[in-house]
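# Examining the three-dimensional arrangement
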Amino acid sequence: MEGVGIRGIKYLIGTEIETVISGYDCESCSYCAICDNCPVCEYCQNEQLYCERCNPEDVRDYAVRHGYLEENDNRDICEVCQENYLWQELVCDDCSRCDDCQYVYNPEYCPYDDYYGLDDIDIDKINPYLDNYYYDESCGYEFCTKPFSSLKDYWKAVKAIVSEIGKENIDISEKCGGHINISWQNGDKSWKDYDNIIASNILFFSDLLSYMFCSPETHWRSTYKEFPNKYDNYKSNFIDKYCCVHIKDYAIEVRIPDSPKDVDNHVLLSSVLLAIALKTYEIPFDKETFHRTKDIYEKINRYGEELSKEDKSYLKDKFKLLKKFIEKPLKALSHDLGIDLMKALEHRFKNPKYEEEYEEDFDLEQFAVKPKVNVNVTTLVQLPLTAFA
């Protein structure tokens, strides 16, 4: 596949789609979950079979010694036992319920049997789009796309994967993320020559992007997309696995996005991140701006708080800078995708995902570029930027 030509730049973009699809099987379970609600114990309790093994005098002695009953109290000892579950202390420890158990590690009784599993997916349908898939204990099965050199192919792949696995199996409150990986090559230069600049620019806009594209439930994923703690030497955090912007050996990984339950929302965010990553000019990021960005980022991504009027005014100014900063690469990517990405971005800012009361799907097709309109893809030129205030 050939990517869009932006002054000879060839990019690659992919995403990781986390789901709640169960990866449980008898071989992978170190502890059988049937034991959490043992059918033998449940039957014994419901039918009060423990009474058959009970010695009332032993129960009375136990109740008196442990303060459940006064020595001269003539209450029915069975009532005292039932009220205080004394049978659990006197009978259960000596029970041989586990001997020759027919339930443990028996798929017929597995509590996960009703879960949507990997066997319910037609992997052959989506294999052409996948680089890998595996079970991740942080939520469930994770599906990693191939790196695509065309946004149009990337969009098609994400649509196909989410359609097959089912939106019901993507749950942001269960920590499902949609990490986006970006790299590019331009002659003898590549993203690696500017990795810290790219990561810093993405971090600069991380509060704004979270507000525009993340779900109101995104804070459940907070431990997997952390903002650097301190301004001093903050770029050193980019090598940390769970930093919200993570520099890998083969790509810049952006961990901010939720798993793409809303496919078009995810594709638009991917396009914006790619446009930012194609810029090699570093936006000035002073200490005051760092802490303001961190504050808003954590309101959204750590605490799930409502933003103040001052926060929104600040993001409005930052949005103006974002548009100016990515205007030219976003225009080129619009040509690649067949979508007016700037108009889509403006719509997304006016209707941020974070403020959605009910889950809604974003529709990129409404911003489709008409076939007869010529979109001139010009050479990328660095824009003069004023300091962000």
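All values derive from a computational prediction rather than experimental measurement. (Residues numbered from 1 in each chain as written. Predicted model: local features only at pLDDT ≥ 70, side-chain atom pairs only at ≥ 80, totals over all residues. Heavy atoms only, no water.)

## Topic: unusual backbone geometry
When glycine is set aside, most residues are seen to have a negative phi, and most peptide bonds are trans. Even without being glycine, Tyr105 reaches a positive phi, approximately 50 degrees. Along the chain, the position of Tyr105 falls in the loop between α4 (86–90) and α5 (123–126). Looking at Tyr105, the relative accessible area reads 37%, which means it is partly exposed. One non-glycine residue, Asn233, lies in positive phi territory at about 55 degrees. (Helix = DSSP H or I, 4+ residues; strand = E, 2+ residues; numbered from the N terminus. Buried < 20%, exposed > 50% of the residue type's maximum accessible area, 1.4 Å probe, protein only.)

## Quick notes on the packing of aromatic side chains
A ring pair, where both rings are aromatic, is described by two values, the distance of the centres and the angle of the planes. In total, this model carries 23 aromatic pairs according to the counting rule given. Look at Tyr133 and Phe143: their rings are 6.0 Å apart centre to centre, the planes differ by 25 degrees, and that puts the pair in the stacked class. Of this pair, Tyr133 sits in strand β2 (residues 130–135) while Phe143 sits in strand β3 (residues 141–145), and the two are 10 residues apart along the sequence. Given a relative accessible area of 30%, Tyr133 falls into the partly exposed group. Here a set of aromatic residues connected by ring pairs shows up, and it is made of Phe204, Phe205, Phe227, Tyr231, Tyr234, Phe238, Phe285, Phe290, Tyr297 and Phe325. (Phe/Tyr/Trp six-rings, centres within 6.5 Å; stacked < 30°, edge-to-face > 60°.)

## Remarks on the confidence of the model for the chain
Residues with a pLDDT of 70 or more make up 91% of the chain, whose mean pLDDT is 89. Here residues 1–5 scores under 50 on pLDDT; set against residues more than four positions off or in separate chains, the count is 15 contacts. Every residue in residues 377–389 scores below 50 in pLDDT, and together they form 32 contacts with partners more than four places removed in sequence or on other chains. (pLDDT = per-residue confidence, 0-100. Contact = heavy atoms within 4.5 Å.)

## Structural notes on the packing of helix α9 (residues 263–277) against helix α11 (residues 309–337)
Here α9 crosses α11 at 120 degrees, and the two axes come no closer than 8 Å. Classified by the interaxial angle, the pair formed by α9 and α11 is oblique. Crossing handedness for the pair α9 and α11: right-handed. Residue-level contacts link Val267, Ser271, Val272, Leu274, Ala275 and Ile276 of α9 to Leu322, Phe325, Ile326, Pro329, Leu330, Leu333 and Leu337 of α11. Class assignment for the residues of the contact of α9 with α11 results in 12 nonpolar, one polar and no charged. (Axes fitted to C-alpha atoms, helices over the stretch in contact; angles between N-to-C directions. Parallel < 35°, antiparallel > 145°, perpendicular 65-115°, else oblique. Left-handed = near helix turned anticlockwise from the far one by under 90°. Nonpolar A, V, L, I, M, F, W, Y, C, P; charged D, E, K, R; others polar.)

## Looking at the nonpolar core
Ranked by size, the top nonpolar core spans 89 residues in total, and within it Phe143, Phe205, Leu322 and Leu345 carry the most contacts. Sequence-distant contacts of Leu322, that is, excluding residues within four places in its chain, are made with Phe205, Leu208, Leu209, Val272, Ile276 and Leu345. In this structure, Tyr50, Val80, Cys81 and Val91 belong to the second largest nonpolar core, which totals 11 residues. (Core = buried A, V, L, I, M, F, W, Y, C linked by side-chain atoms within 4.5 Å.)

## A look at the environment of Ile252
Mapped onto the elements, Ile252 comes out in strand β7 (residues 252–254). For the pair Ile252 and Asn201, spaced 51 residues apart in the sequence, the C-alpha separation amounts to 12 Å. Not counting residues within four places of it along the chain, the set of residues in contact with Ile252 comprises Ile180, Asn181, Ile182, Trp191, Asp195, Ile198, Ala199, Ile202, Val245, His246 and Ile247.

## Structural notes on helix α3 (residues 77–84)
Taken residue by residue, α3 has Ile77, Val80 and Cys81 as its buried positions. When α3 is viewed along its axis, its buried side chains cluster within an angular range of 100 degrees and face the same direction. In the core, the buried residues of α3 are packed alongside α2 (56–65) and α4. One side-chain oxygen at the N-terminal end of α3 lies 3.0 Å from the backbone nitrogen of Cys78; it belongs to Asp76. Directly beyond the C-terminal end of α3, a positive phi value near 50 degrees is found at Tyr85. (Arc of directions from axis to C-beta. Polar contact = N/O pair within 3.5 Å; in protein donor to acceptor, adjacent residues only side chain to side chain.)

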